[in-house]
Amino acid sequence: MAIQLNTNYLKSFIKPQEYEQIAPQIRQADQMLREKSGAGNAFLGWVDLPKNYDKEEFTRIEKCAAKIQKSCQVLVVIGIGGSYLGARAVIEFLRSPNYNLLNKNTPNIYFAGNSISADALDDLLALCEGKDICVNVISKSGTTTEPAVAFRVFRNLLEEKYGKEGARERIFVTTDRARGTLKQFSTEAGYETFVVPDDVGGRFSVLTAVGLLPIAVAGIDIKKLMEGAASAMEKYTSTDLEKNDCYRYAAIRNILFRKGKAIEILAGYEPFALLLNEWWKQLYGESEGKDGKGIYPASVIFSTDLHSLGQYIQDGNRILFETVLNIGDTKKSFTIPNDPANIDGLNFLSGKDLDEVKKTATLATILAHVDGGVPNILIEMDERSEFALGELIYFFELACAISGYVLGVNPFDQPGVESYKKNMFALLGKPGYESMREELNKRLTF
């Protein structure tokens, strides 16, 4: 078992009967999911995706990744939200946050179209200067502002550098199967395309072509990633909370939320988990934050953040709980050297592996925070590997769906995301938004 849930540090916060009380709601949520009778049931393609994915497309992804590796020094991945977070999280988790600085035989991978920043775009263009470039643009519609602007810029760059024919061989598009502006344009231009499935929402799409193509370009074994997810798919089927760690995690979240714990902090102890935390925050924030409900997802990387947010977590308002990702084997070791002068007083650590110190710090922090009134859930991951991460991704996705149904929301829509877009379109003068623009200008104070 690559992933296990450890609830030993919850005993003073949750009584056994509370699991019994919430169990019927978990069973009902499972029924809604399996029978596709709940809200958002048109977006459940991720549930059986680890086994029922498009094998022909998967083979094309592998071939395309090999082509990019051979012909390009840089792959620019253009997308926002779920169109980039999953791929970047997996690459940094399994390779390194410093992936682009490593000595390797795979292209550097940069991410664009996830902000509206002239500085960021200018910096990226400078990094690409003089390099052979490929582009993977990811958008279901092709009209989302941030990625669409970035695609304009990089498409023009490639066409100027290689000509239209040459650019065609370096642009890869992940979009709707049959509809939308980007699909139509890509077909006319002759770009190789991959599919954003109709029944898989963006934040659940990392195990589709959306995430798999960039991940494969980084030299990561996507077959093992899918095997890990398939293992989780088989494992998390029982509605018995004693037998299903995934459902137990969903239950715990809702039990604690009803006790006033409105913030969940995902705590990692490795810098390579930073973007995984960001992916997790989108998954849970966009899925549960609606109808005036939802657990607010936050994250930290310890021990770094123990020296910034540690004080609040230890002694602040008791409205939060922690979920700690504890990785058993990171496959790296570093022995702490001895200092004859012992100027720092740390010779008691001489000869110890740094990973041992980290694991001790993890346990010490958990004990301190539990004593301070912060419930701690441990998700124990046996190793840093494709298989284990695939299992963890599915674990979080399934728990999110069950937790959202128990919470009483549709976990698969995101109506609030559109509000800022409408305001922005109106203020920028998009046709059809004239009256809205007038009203908004009256409210502006700067």
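The residue numbers shown here count from 1 along each chain, following its written sequence. Selection of residues for local features in this predicted model requires a pLDDT of at least 70, selection of side-chain atom pairs for listing and counting requires 80 or more, and totals for whole chains, interfaces and linings are taken over all residues. Only hydrogens and water are removed before side-chain values are computed, so all heavy atoms of the structure are retained for them.

S.K.: Explain the overall build of the protein to me, please; I cannot follow it from the model alone.
M.R.: Note on conventions: DSSP H or I runs of at least 4 residues are helices, E runs of at least 2 residues are strands, and numbering of each starts at the N terminus. Along the backbone of the protein there are 16 helices and 10 strands. Per-residue accessibility, obtained with a 1.4 Å probe over protein chains only, is compared with the maximum for each type, and a residue is labelled buried under 20%, exposed over 50%, and partly exposed between these values. Per-residue burial over the protein gives 50% buried out of 446 residues. We call two residues in contact whenever any of their non-hydrogen atoms come within 4.5 Å of each other. Looking at the protein alone, contacts between residues at least 24 apart form 78% of all its contacts between residues at least 6 apart. Accessible area of the protein: about 20,500 Å², with a carbon and sulfur share of 51%. A distance of 3 Å separates the average location of the 51 positive side-chain charges in the protein from that of its 58 negative side-chain charges. Residue exposure ignores everything except the shown protein chains as possible cover, and the areas themselves are Shrake-Rupley values with a 1.4 Å probe. Positive residues here are Lys and Arg, negative ones are Asp and Glu, while His and the chain termini are left out of the count. Charge placement uses NZ in Lys and CZ in Arg. For Asp and Glu, CG and CD serve respectively.

S.K.: It is not clear to me how empty space enclosed by the protein should be interpreted in this structure. Could you clarify?
M.R.: Gaps left between atoms are located by rolling a probe of water-molecule size over the structure's atoms. Computed over the protein atoms alone on a 1 Å grid, cavities are sets of points where a 1.4 Å probe fits but cannot get out and pockets are open sets with protein on both sides within 12 Å along at least five of seven lines; a residue lines them when it has an atom within 4 Å of a point. Grid points are joined across faces, edges and corners, and a volume is the space filled by probe spheres set on the points. Taken as a whole and assessed by the stated rule, the structure comprises one cavity of 30 Å³ or more. Taken as a whole, the largest cavity holds about 40 Å³ of empty space. Forming the boundary of the largest cavity are Gly 268, Tyr 269, Glu 270, Leu 325, Asn 326, Ile 327 and Lys 358. Counting residues per element, the lining of the largest cavity draws most heavily on strand E9 (residues 320-329), which supplies three residues. Residues were grouped as follows: Ala, Val, Leu, Ile, Met, Phe, Trp, Tyr, Cys and Pro as nonpolar; Asp, Glu, Lys and Arg as charged; and all remaining residues, including Gly, as polar. Here the lining of the largest cavity is built from residues that sort into three nonpolar, two polar and two charged.

S.K.: Please explain the sheet that holds strand E4 (residues 133-138) as it appears in this structure.
M.R.: Taken together, five strands build an open sheet; the order of strands is E3-E2-E4-E5-E6 and the sheet is parallel. In the strand order of this sheet, the two ends are held by strand E3 (108-112) and strand E6 (192-195), each with one partner. In this sheet, adjacent strand axes meet at a mean angle of 20 degrees when their direction is disregarded. Two strands form a pair only when DSSP identifies at least two bridges running between them. Note: E4 against strand E5 (residues 171-175), four bridges, orientation parallel. Following the sheet pairing, Ile 138 is matched in E5 by Thr 174. For helices, the axis comes from a line fit to the C-alpha atoms of the stretch in contact; other axes are also lines fit to C-alpha atoms, and the angle between any two N-to-C directions lies between 0 and 180 degrees.

S.K.: Would you take a moment to explain the nonpolar core for this structure?
M.R.: One recurring pattern in soluble globular proteins is that nonpolar side chains are buried together. Among the buried residues, those of types Ala, Val, Leu, Ile, Met, Phe, Trp, Tyr and Cys that are joined through side-chain atoms within 4.5 Å form a nonpolar core. Ranked by size, the top nonpolar core spans 115 residues in total, and within it Leu 33, Trp 46, Phe 93, Trp 279, Leu 389 and Phe 396 carry the most contacts. The element best represented in this core is helix H14 (residues 386-407), accounting for 14 residues. Once residues within four sequence positions are removed from consideration, Phe 93 is found in contact with Phe 272, Ala 273, Leu 276, Leu 325, Ile 327, Met 381, Arg 384 and Leu 389. Ile 78, Leu 124, Phe 154 and Tyr 191 belong to the second largest nonpolar core, which has 20 residues in total.

S.K.: Got a minute to help me understand the packing of aromatic side chains in this structure?
M.R.: For any pair of aromatic rings, the description rests on two quantities: the centre-to-centre distance and the angle between the ring planes. Two rings belonging to Phe, Tyr or Trp (six-membered ring only in the last case) form a pair when the distance between their centres is within 6.5 Å. Interplanar angles under 30 degrees mark stacking, angles over 60 mark edge-to-face geometry, and anything in between is tilted. The tally for this structure, following the rule as stated, stands at 19 aromatic pairs. Every member of this aromatic cluster is reached through a ring pair, and the members are Tyr 236, Tyr 249, Trp 279, Trp 280, Tyr 284, Phe 395 and Phe 396. Directly above the aromatic system of Tyr 53 lies the positively charged group of Lys 55, at a separation of 4.3 Å from the ring centroid. Cation placement over rings: the criterion is NZ of Lys or CZ of Arg within 6 Å of the ring centroid and within 35° of the ring normal. The aromatic ring of Tyr 162 is capped on one face by Arg 170, whose charged end is 4.1 Å from the ring centroid.

S.K.: Would you take a moment to explain the side chain of Glu 264 for this structure?
M.R.: Within the secondary structure, Glu 264 sits in strand E7 (residues 263-268). A residue is classified by how much of its surface remains accessible, and Glu 264, at 0% relative accessible area, is buried.

S.K.: I would appreciate a short explanation of the pairing of strand E10 (residues 376-383) in the present structure.
M.R.: Side chains on a regular strand alternate between the two faces of the sheet. When strand E1 (residues 3-6) meets E10, the two strands line up antiparallel, connected through four bridges. Bridge pairing in E10 links Ile 3 to Met 381. Sheet topology note: the E9/E10 ladder contains seven bridges and is parallel. Paired with Thr 323 across the strands is Ile 377, a residue of E10. Throughout, right-handed denotes a crossover for which the path from the first strand over the helix to the second runs clockwise when the strands point away from the viewer. The parallel pair E9 and E10, bridged by helix H13 (residues 354-371), forms a crossover whose chirality is right-handed.

S.K.: What exactly am I supposed to notice about the environment of Ser 419 here?
M.R.: Looking at the secondary structure, you find Ser 419 in helix H15 (residues 418-427). For the pair formed by Ser 419 and Tyr 99, sequence separation is 320 residues and the distance between their alpha carbons is 35 Å.

S.K.: Quick question: what am I supposed to make of unusual backbone geometry here?
M.R.: Excluding glycine, residues mostly have negative phi values, and the peptide bonds linking residues are mostly trans. With an omega dihedral of 5 degrees, the bond running from Phe 302 to Ser 303 counts as a cis peptide bond. Relative to the elements of secondary structure, Ser 303 occurs in the loop between strand E8 (296-301) and helix H12 (310-315). Even without a glycine there, the phi angle at Asp 291 is positive, about 60 degrees. Among the structural elements, Asp 291 can be located in the loop between helix H11 (274-288) and E8. Given the relative accessible area of 59%, Asp 291 is considered exposed. We note that Lys 331 has phi near 65 degrees; this positive angle belongs to a residue other than glycine.

S.K.: Would you mind showing me how to read the pairing of E4 here?
M.R.: E4 sits mainly inside the fold: six of its six residues count as buried. Residues Ile 133, Val 135 and Val 137 line one face of E4 and the alternating positions Cys 134, Asn 136 and Ile 138 line the opposite face, and both faces are buried. Of the pairings in the sheet, the one linking strand E2 (residues 74-78) to E4 comprises five bridges and is parallel in character. Looking at the pairing, Ile 78 lines up with Val 137 of E4. Handedness of the crossover joining E4 and E5 through helix H6 (residues 145-168) is recorded here as right-handed.

S.K.: Teacher, can you tell me more about the packing of helix H1 (residues 16-34) against H14 here?
M.R.: Axes are the key here: two packed helices are described by the angle between their axes and the distance separating the axes. Relative orientation of the contacting elements H1 and H14 amounts to 115 degrees, with a least axis distance of 9 Å. Between H1 and H14, the angle falls in the class roughly perpendicular. The hand of the H1/H14 crossing is right-handed. Contact with H1, carried on its side by Ile 22, Gln 25, Ile 26, Ala 29, Asp 30, Met 32, Leu 33 and Arg 34, involves Leu 398, Ala 401, Ile 402, Tyr 405 and Val 406 of H14 and no other residues of that element. Roughly parallel covers angles under 35 degrees, roughly antiparallel covers those over 145, roughly perpendicular covers 65 to 115, and oblique covers all other angles. Less than a right angle of anticlockwise turn of the near helix away from the far helix marks a crossing as left-handed, whereas a clockwise turn marks it as right-handed.

S.K.: In this structure, what is going on with the state of the cysteines? I would like to understand it.
M.R.: What is meant by a disulfide is a covalent connection between two cysteines, made through their sulfur atoms. To count as a disulfide, a pair of cysteine sulfur atoms needs to be within 2.5 Å. Evaluated as defined, the whole model comprises one disulfide. Bridging Cys 72 to Cys 134, the disulfide has an S-S length of 1.8 Å. Placement of the pair is Cys 72 in the loop between helix H3 (55-71) and E2 and Cys 134 in strand E4, with a sequence separation of 62 residues. A relative accessible area of 0% means that Cys 134 is categorised as buried. Residue Cys 64 stays outside any disulfide, its sulfur separated by 7.9 Å from that of Cys 134, the closest cysteine. Classification of Cys 64 by relative accessible area gives buried; the value is 2%. Unpaired in this structure, Cys 128 has its nearest cysteine sulfur neighbour in Cys 72, at a distance of 11 Å.

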